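# Coordinate analysis (summary)
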Amino acid sequence: MKPAFTSRIILLLCAFTFLFQPINAQPPSLAHSAGFPQYANGTGVAYGNSVYVSVFYGGTIYISPDGITWAKVSDPGIVAGTFSRIAFGAGVFVVVGANGLVLTSANGLNWTSRSAGTSNSFLDVQYLQSAFYATGRNATLRRSADGINWSTITIAVGSATDDFNCITYGNSAFAIGARPTVGGGISVYRSTTANSGSWNYQNFSPTSSLNRLIYLKNKFFIFCSGTEIFTSADASTWTNSSSSLILTQPDNSTATLSSPNQMFNGIYDGTKIYLFGYSGGYYSSYGSIFSSTDGINFTLQSKTAFIVCQGSAYLNGRYFEYGNEGIISSPNGIDYKYSNGSYYAMASSGTSYVGVGFAGNQGVIFTSTDYSSWTDKTPSSTQNPLFAAVYDGSKYVAAGDRTVVQSTDNGNTWTEIATPTDYIVAMAFGAGKYAEGGYDANTYVPRLAYSSDGISWTTANTANNYYFKVKYVNGKFFALGYDNDTYLARIMYSDDAVSWSDVTPTLGYSPYYFNDVIYDGSKYHFMGMEASGFFSVSTATPTNTASFANKATIDAPNSALGGNFGEGAFAYSNGRYAGAVTDVNTGAAYIIYSSNGTSWTAIDAGELSSVYGIVAEGDKFRMLGTSAGVFTLTFNAALPVKLTFFNASSETGQSLLQWKTASEINSSHFTVQHSMDAINWQSIGTVKAAGQSSITRAYQFTHTSPGKGSNYYRLLQVDADGKTVASAVKQVYFGKAGNAQLYPNPARASVQVLLPGTGAATVTLFNASGQPVYQQSGSGDKMQLSIGNLSKGIYQVQISQGAVKYTLPLSHQ
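Every value quoted in this text rests on a predicted model; they were computed, and no experiment measured them. (Residues numbered from 1 in each chain as written. Predicted model: local features only at pLDDT ≥ 70, side-chain atom pairs only at ≥ 80, totals over all residues. Heavy atoms only, no water.)

## Topic: the overall build of the protein chain
For the protein chain, the helix and strand inventory stands at zero helices and 76 strands. Taking 2.2 N^0.38 as the reference for a compact globule, 813 residues should give roughly 28 Å; the C-alpha atoms of the protein chain span a radius of gyration of 29 Å, in line with that estimate. Projected onto the principal axes, the alpha-carbon positions of the protein chain cover approximately 80 × 75 × 50 Å. A separation of at least 24 residues holds for 47% of the contacts in the protein chain among residues at least 6 apart in sequence. (Helix = DSSP H or I, 4+ residues; strand = E, 2+ residues; numbered from the N terminus. Rg over C-alpha atoms; globule rule 2.2 N^0.38 Å. Contact = heavy atoms within 4.5 Å.)

Have a look at this one:
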């Protein structure tokens, strides 16, 4: 599994974004990245123009070059809304959603809002028979050839209040699966042309409602929210096949495909049918996969990922499932994985980092030696979820849902050392003991426990509290959370992890919970949530419950930030206080910092992630969170170079890199790095820097042996102390046999045609009606087209060079 961490993120969105906010005279810098949101409802995946694009119910879009490594798309054209489905066709991606929402994009990065002439919510969009079809509530059906201009299709039969959940095509027939809002049952609408007035209607009454109507291989399937399955060759005559579809289970026993199993949807990859759903017999869980070559005899495959699958797709050789838990993918239709995990704790040995958590219902462990490249070290697909991790000076220990695992080789290999009955939520190590907070997974009785080896645990306290964190701070143990009886904040204290006492402060308000504590050399600072959001209080003597004072909140931005259920983590180092909170409305991460612990400033990190783990390293604070959120807040990070210009261009088969600086402080040199995929980088040369400069200076470097296709370049600005800062990434394209590209796409005034050869070429643009509207001839490996006078819209670009022709879509905006 490739985690969507830092360097493994799409070029055009940039791997790291540096944000600056004022704090006295020295602002900190923030580097951040995140992957797919976890436990966010994935609603669709599409592939086109050499990229995968996915959408989530909450209104976010992600893009990927390989279907594995994903990056969030940030574009002003993405309007707020609920996204239901995505499809690709005619060179364009189309997203539909609530209240008639339609978005289009040619490249997955730049989006435009379109009107389909309705305010009814769309539930599905498919590209069928050279046109987009969008279905929705109140018998809504719209058609478009280009995703931009939409027409209404009038059904004229059935019920005008039916919810058109999905549309499919097969055996010369269009079929719509609908859930009646009146009368119940399942409604099917069928037409051979999809034109207005051409539809037939039928309604039948299974014991439950529609999950999906879909055409697979040579027949239509209807999957119900119960266990029934209906099939048809023509979408007109339907047969209840619940008892005639045979299932072979992993123990070679046979059963029917239906009860106690439930199908949600499926795909056909040209060889096999794969159905996705719930195995009520053998595995008794969601995420089950049923395969077949004939659509009659099915085999239950080994389950590799938990997901309540609401949709699926087979795209460019890769398989996808999406639903309540997010999006998972597979190279073979059977072995599915999440692209990243949600991380609930982190620890560091000083030479490596460990992040633990879960994806779906499987625990995950990732490690890194540089906080940049992360490697999946999860010991097995049956690893239970993990919520706590510590480094005890010689080994890592992680714990979670009735499991304790350890690594004695710096996080590389892991072994389970205990299977307690506890659901361990938090853990600390100090004074030769491990201390954990959680509850018995069978009786739900809360407890604090301790252990000398991580294997044998002894109960120390059973107060009815839920604990978010257990910390060892300045020689003291603290357990922080809330009281299960009063639902108010609670702090427990211990000198030895054996005897615990309640030290919850007496305040003039009632906090919901405490979730972390730090020590700055003179005072303990406790963080938590109250009615108005995040707050902190401090004391020099935590055993004196009346001594807590200095209530501090977040100064900026002017909004209530905090978190749900213990979100957030905090640390202190070199006179700096830093941590993270979550916007409870949007799920966005905010990194906060303070120079005194009595007032806090927040930076919008621009990622959907909740931070739970933090490690302080001098002037750096490393933070890890859900959705593979990785953050580094750095103080005293004055850049050695103020870079004002950086460009890369092709010059007679070579790449010319040019850049300028406005000032340099203790600069040493520039390292030039090259990549063919914007993921794996190699240093190809160095250029000496000025050292000290307050005037504009120009530099250049020539790469004499670039590869065919896209070449990516970046600069590492290195100062005299060895600190480095990466520049933006630039792209240079060199012709590649069998390939042609348009850049940029979408385009406005002009577009560059990148050709695979150097011979004579002719480029012709055709409008949506198929009429030629522009033509230009030339030679060489690239041509510049001036398209400013053309109408905005989607064009097909036909490129002829020698005996080879290419057709590419172009979005003109």
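## Thoughts on the sheet that holds strand 3 (residues 42-48)
Spatially, four strands are ordered 3-4-5-6 in an open sheet, and the strand pairing comes out antiparallel. Of all strands in the sheet, those bounded by a partner on one side alone are strand 3 and strand 6 (71-72). In this structure, strand 3 lies alongside strand 4 (residues 51-56), joined through six bridges in antiparallel fashion. The residue of strand 4 that forms the bridge with V45 is S54. (Pairing = 2+ DSSP bridges.)

## Description of the pattern of salt bridges
Going through the model one piece at a time under the given rule, you end up with 14 salt bridges. One salt bridge in this structure joins D495 and K476, with 3.2 Å as the shortest N-O distance. With a gap of 19 residues between them, D495 in the loop between strand 47 (489-494) and strand 48 (501-502) and K476 in strand 46 (residues 476-483) connect regions that are remote in the sequence. Close ionic contact of E530 with K551 constitutes a salt bridge, the shortest N to O distance being 2.6 Å. (Salt bridge = Lys/Arg side-chain N within 4 Å of Asp/Glu carboxyl O.)

## Topic: the sheet that holds strand 76 (residues 804-812)
Taken in spatial order, the four strands make up an open sheet running 73-72-75-76, and their pairing is antiparallel. Of all strands in the sheet, those bounded by a partner on one side alone are strand 73 (772-778) and strand 76. On average, adjacent strands in this sheet sit at an angle of 20 degrees to one another, irrespective of strand direction. Across six bridges, strand 72 (residues 761-766) lies against strand 75 (residues 793-801) in antiparallel orientation. Each residue of the ladder has a partner; that of F766, found in strand 75, is Q796. (Axes fitted to C-alpha atoms, helices over the stretch in contact; angles between N-to-C directions.)

## Details of the pairing of strand 75
In the sheet, strand 75 pairs with strand 76 via nine bridges, with the strands oriented antiparallel. If you follow I799 over to strand 76, its bridge partner there is Y806.

## Comments concerning the environment of K471
If you trace the backbone, K471 turns up in strand 45 (residues 465-473). The sequence separation of K471 and G430 amounts to 41 residues, and the corresponding C-alpha distance is 8.9 Å. Setting aside its immediate chain neighbours within four residues, K471 contacts A428, K476, F477, F478, L480, D516, V517 and F570. In terms of polar contacts, K471 uses its side chain to reach the backbone carbonyl oxygen of V517, at 3.1 Å. (Polar contact = N/O pair within 3.5 Å; in protein donor to acceptor, adjacent residues only side chain to side chain.)

## Topic: the confidence of the model for the protein chain
Scored by pLDDT, the protein chain has a mean of 88; 94% of the residues are at 70 or more. Long-range and interchain partners of residues 1-25, a stretch whose pLDDT sits below 50, account for 97 contacts in this model, where long-range means more than four residues apart. (pLDDT = per-residue confidence, 0-100.)

## Overview of the state of the cysteines
Counted under the stated rule, the structure contains zero disulfides. Of all cysteine sulfurs in the structure, the one in C166 sits closest to C224, which takes part in no disulfide; the separation is 11 Å. There is no disulfide at C309, and the cysteine sulfur nearest it, in C166, is 13 Å away. C309 sits in the buried class, given a relative accessible area of 1%. (Disulfide = S-S within 2.5 Å. Buried < 20%, exposed > 50% of the residue type's maximum accessible area, 1.4 Å probe, protein only.)

## Some points on unusual backbone geometry
Cis geometry is found at the peptide bond from S259 to P260, where omega equals 10 degrees. Mapped onto the elements of the fold, P260 is located in the loop between strand 24 (254-256) and strand 25 (262-268). The phi dihedral of K217 is positive, around 65 degrees, even though this residue is not glycine. Since its relative accessible area comes to 32%, K217 is described here as partly exposed. Positioned with a positive phi, Y487 is a non-glycine residue whose angle comes to about 60 degrees. Assignment of secondary structure puts Y487 in the loop between strand 46 and strand 47. Classification of Y487 by relative accessible area gives exposed; the value is 56%.

## What to know about the environment of E436
Structurally, E436 is set in strand 42 (residues 433-440). Separated by 12 residues in the primary sequence, E436 and I424 have C-alpha atoms spaced 6.6 Å apart. Those residues within four positions of E436 in sequence are excluded, and the remaining contacts are D422, I424, A426, M427, R447, L448, A449, W457 and V470. Within the local environment of E436, its side chain forms a polar contact with the backbone nitrogen of G438, the two atoms lying 3.5 Å apart.

## A word on the packing of aromatic side chains
What characterises a pair of aromatic rings is the spacing of the ring centres plus the angle enclosed by the ring planes. Counted according to the given criterion, the structure contains 63 aromatic pairs. For the pair F220 and W238, a centre-to-centre distance of 6.4 Å together with 65 degrees between the ring planes defines the contact as edge-to-face. Of this pair, F220 sits in strand 20 (residues 219-224) while W238 is found in the loop between strand 21 (229-232) and strand 22 (239-240), placing the two residues 18 residues apart along the sequence. Centre to centre, the rings of Y472 and F477 are 4.7 Å apart; their planes meet at 55 degrees, and the pair counts as tilted. (Phe/Tyr/Trp six-rings, centres within 6.5 Å; stacked < 30°, edge-to-face > 60°.)

## Section: the environment of R576
Secondary-structure assignment places R576 in strand 55 (residues 576-582). The buried category is assigned to R576, whose relative accessible area is 14%. Sequence separation between R576 and F635 is 59 residues; the distance between their C-alpha atoms is 8.3 Å.

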